[in-house]
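Residue-level listing of the chains:
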Amino acid sequence: MACRVQHSIHNSLYFLSSTPLRNSFNIRKSDFKNRINFGKTLLSSPSFSRTALYCTCSSSSSNGKDSFSPNGSDAFVLTTPLYYVNAPPHMGSAYTTIAADAIARFQRLLEKKVIFITGTDEHGEKIATAAAANGSSPSEHCDVVSQAYKALWKDFDISYDKFIRTTDPKHEAVVKEFYSRVLANGDIYRADYEGLYCVNCEEYKDEKDLLANNCCPTHLKPCVRRKEDNYFFALSKYQQQLEEILRQNPGFVQPSYRLNEVQGWIKSGLKDFSISRASVDWGIAVPNDPEQTIYVWFDALLGYVSALLEDNELASLETAISSGWPASLHLIGKDILRFHAVYWPAMLLSAGIGLPKRVFGHGFLTKDGMKMGKSLGNTLEPTDLVQRFGPDAVRYFFLREVEFGNDGDYSEERFINIINAHLANTIGNLLNRTLGLLKKNCQSTLAVDSYVAAEGNKFKVAVEKLVEKARVHYENLELSAACETVLEIGNAGNSYIDEQAPWSLFKKGETAFETAAKDLVIILEAMRIIAVALSPITPGLSLKIYSQLGYTEDQFNAVNWSDTKWGGLKAGQVMAQPTPIFARIEDATEAETKGAATKKVKKEKVPKSKSPVEA
């Protein structure tokens, strides 16, 4: 449930406050007029003061620990949401993680030290309810569903570095320390609250934001009226600072239209929010009141920090921060943008911790025009998709067809058409036909270096421009555009080989034969570049291409973005035997038609075709 997003506060140092915070925060009922209805006495502020300068750029370790990559730049810390384990994963969860994996793989190609964090959010009322419905304990339930996420990420070739579970003892230690720090800063108090509560969101809602019959607009279920005695976080205290952060750093929330949403929320007036529950047992106990548990969001958001700890490290907030915080990028769904772009930064400000650099709120995957979600019961099963079509096809379709940031709808017909056209035909067939010609005419051996073969060739120049364009798209998180640009290289390769017709040139011999041999080297060099440039999206397919070009898996795993530079293939390199790297997907109609045609062929003798090798 808790989705993680990173807010990009670019390169300059920006001190959110040049003066010490107030030594105390004495809250009066009048301070919260028109916000929420309070009762009971508020906690008094601590007797000591804390002074903090808030820097939003990367922080170095206070203990000298190296949290940076070898080239001296900060580690690229990337997070997905921590997925709520009230039910097994669905395609919406997989989509965020696939996108995060593509970004992580691209950053590794740039030779950055990457810390890719994912995990599961395992506390709260919904978890206890789901466990009871299954006849298991909350702990057992969490173990099963968390393992299901790990298994699915393996199926999708997700290359995460850290998997955090909010039931991990080291996480609990970090949460309690963080809570105590915020309490010491005078930002936590106790009060009564009564309002409309969405169990699925685990959040109190304003009536003006609800649909008819007080239904939650996200889950389409009625909210229930509740009255609780809870602890609250003084979010309203940070309104001006948050407004200033967003004004000074427009890249903090992306895409830009999400930034507009966040600015609108803040300008309309921030309300303090409850950070504990008296009625929920399954959670981390409030340090100063064991009768209450910490609210799931205040708990789970800290997973981005606690995940940075090593298994054998002392579980402390400071140690976690020194191990790679602040995060470079939080990827989240737009439905939890408020938690990540408003609540989370304010919490960090209160604790004196640097903010993440960027929060990116992507759109929903839809089915029949509605958001996919476990609560709505209209999920698309990712396990079924990956078993039927393979991880590369699923990864490519969703990253290519859904413009990152916008909503995208799934259609199986569209899925099959796109995968067949792009991966099987444009890329797979181009490689296969070229290797077939090389085998027939050159014994599968390259005649010249690829750099020599392409001297003065416009095709080489076109490929170089497209590769640079793809790099820019990746850096800007424009994953769909990156896919499209790499595919243009394949389209250009198919046009080139059709225009040059090397199968005809080979028949002419002498100079024409040499030209044809060079043309094959040029196409195969383009295929090598495609393999590297597309590897963040389709790592398995890219490995198959590299293997067909005569490289080992270790050589493929060692590539970086500089390997997209023209000139990698060398004279004398022996290619593998041509084998289709991606089979066309047949839909049900095609399969039936093919089956009928096969039966007919058995009854009639068909003359063997003597067509040339070019197909």
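In the nomenclature of an unreviewed UniProt entry, the chain is known as methionine--tRNA ligase of Nicotiana sylvestris. In its Catalytic activity (unreviewed entry) section, the UniProt record describing the chain reads: "tRNA(Met) + L-methionine + ATP = L-methionyl-tRNA(Met) + AMP + diphosphate". Its UniProt record gives the chain a comment under Sequence similarities (unreviewed entry), which states: "Belongs to the class-I aminoacyl-tRNA synthetase family."

Peer 1: Please explain the pattern of salt bridges as it appears in this structure.
Peer 2: When the charged atoms of two side chains lie near each other, side chains of opposite charge can form a pair. Scanning the model with the defined rule gives 27 salt bridges in all. Its salt-bridge partner being Glu-412, residue Arg-388 comes within 2.6 Å of it at the nearest N-O pair. In this pair, Arg-388 sits in helix α11 (residues 382-389) while Glu-412 sits in helix α13 (residues 412-442), placing the two residues 24 residues apart along the sequence. Since its relative accessible area comes to 41%, Arg-388 is described here as partly exposed.

Peer 1: Whenever I open this one, the confidence of the model for the chain confuses me. Can you help?
Peer 2: Fine structural detail should not be taken from predicted coordinates in areas where pLDDT scores are low. For the chain, per-residue confidence averages 84 on the pLDDT scale, and residues scoring 70 or more make up 82% of the total. This model gives residues 1-73 a pLDDT under 50, and the stretch forms 221 contacts once residues within four places in sequence are excluded. Scored below 50 in pLDDT, residues 596-615 shows six contacts in the model against residues more than four places distant or in partner chains.

Peer 1: Looking at this structure, I do not really get the pairing of strand β6 (residues 224-233). What am I missing?
Peer 2: The side chains of a regular strand alternate, first on one face of the sheet and then on the other. Most of β6 is tucked away: seven of the ten residues are buried. Note that strand β4 (residues 188-198) and β6 share ten bridges and pair antiparallel. Across the sheet, Tyr-189 pairs through a bridge with Phe-232, a residue of β6. Bridge count for β6 against strand β8 (residues 273-274) is two bridges, and the pairing is antiparallel. Each residue of the ladder has a partner; that of Phe-232, found in β8, is Ser-274.

Peer 1: In this structure, what is going on with the nonpolar core? I would like to understand it.
Peer 2: The nonpolar side chains of a soluble globular protein tend to be buried, and buried together. One finds Met-91, Phe-178, Trp-325, Phe-398 and Phe-415 to be the most contacted residues of the largest nonpolar core, which totals 172 residues. When residues of this core are assigned to their parent elements, the largest contribution, 16 residues, is made by helix α18 (residues 510-534). One finds Tyr-189, Ala-191, Tyr-197 and Phe-232 within the second-largest nonpolar core, a separate group that totals seven residues.

Peer 1: Explain the side chain of Ser-323 here, please?
Peer 2: Note on placement: Ser-323 falls in the loop between α9 (317-321) and β12 (329-333). For Ser-323, a relative accessible area of 9% puts it in the buried group. In this structure the side chain of Ser-323 is engaged in a polar contact, spanning 2.8 Å, whose partner is the backbone oxygen of Thr-319.

Here is what the cut-offs are and how they apply
- Residues numbered from 1 in each chain as written.
- Predicted model: local features only at pLDDT ≥ 70, side-chain atom pairs only at ≥ 80, totals over all residues.
- Heavy atoms only, no water.
- UniProt positions renumbered as here; feature names shortened; annotations may be inferred.
- Salt bridge = Lys/Arg side-chain N within 4 Å of Asp/Glu carboxyl O.
- Helix = DSSP H or I, 4+ residues; strand = E, 2+ residues; numbered from the N terminus.
- Buried < 20%, exposed > 50% of the residue type's maximum accessible area, 1.4 Å probe, protein only.
- pLDDT = per-residue confidence, 0-100.
- Contact = heavy atoms within 4.5 Å.
- Pairing = 2+ DSSP bridges.
- Core = buried A, V, L, I, M, F, W, Y, C linked by side-chain atoms within 4.5 Å.
- Polar contact = N/O pair within 3.5 Å; in protein donor to acceptor, adjacent residues only side chain to side chain.

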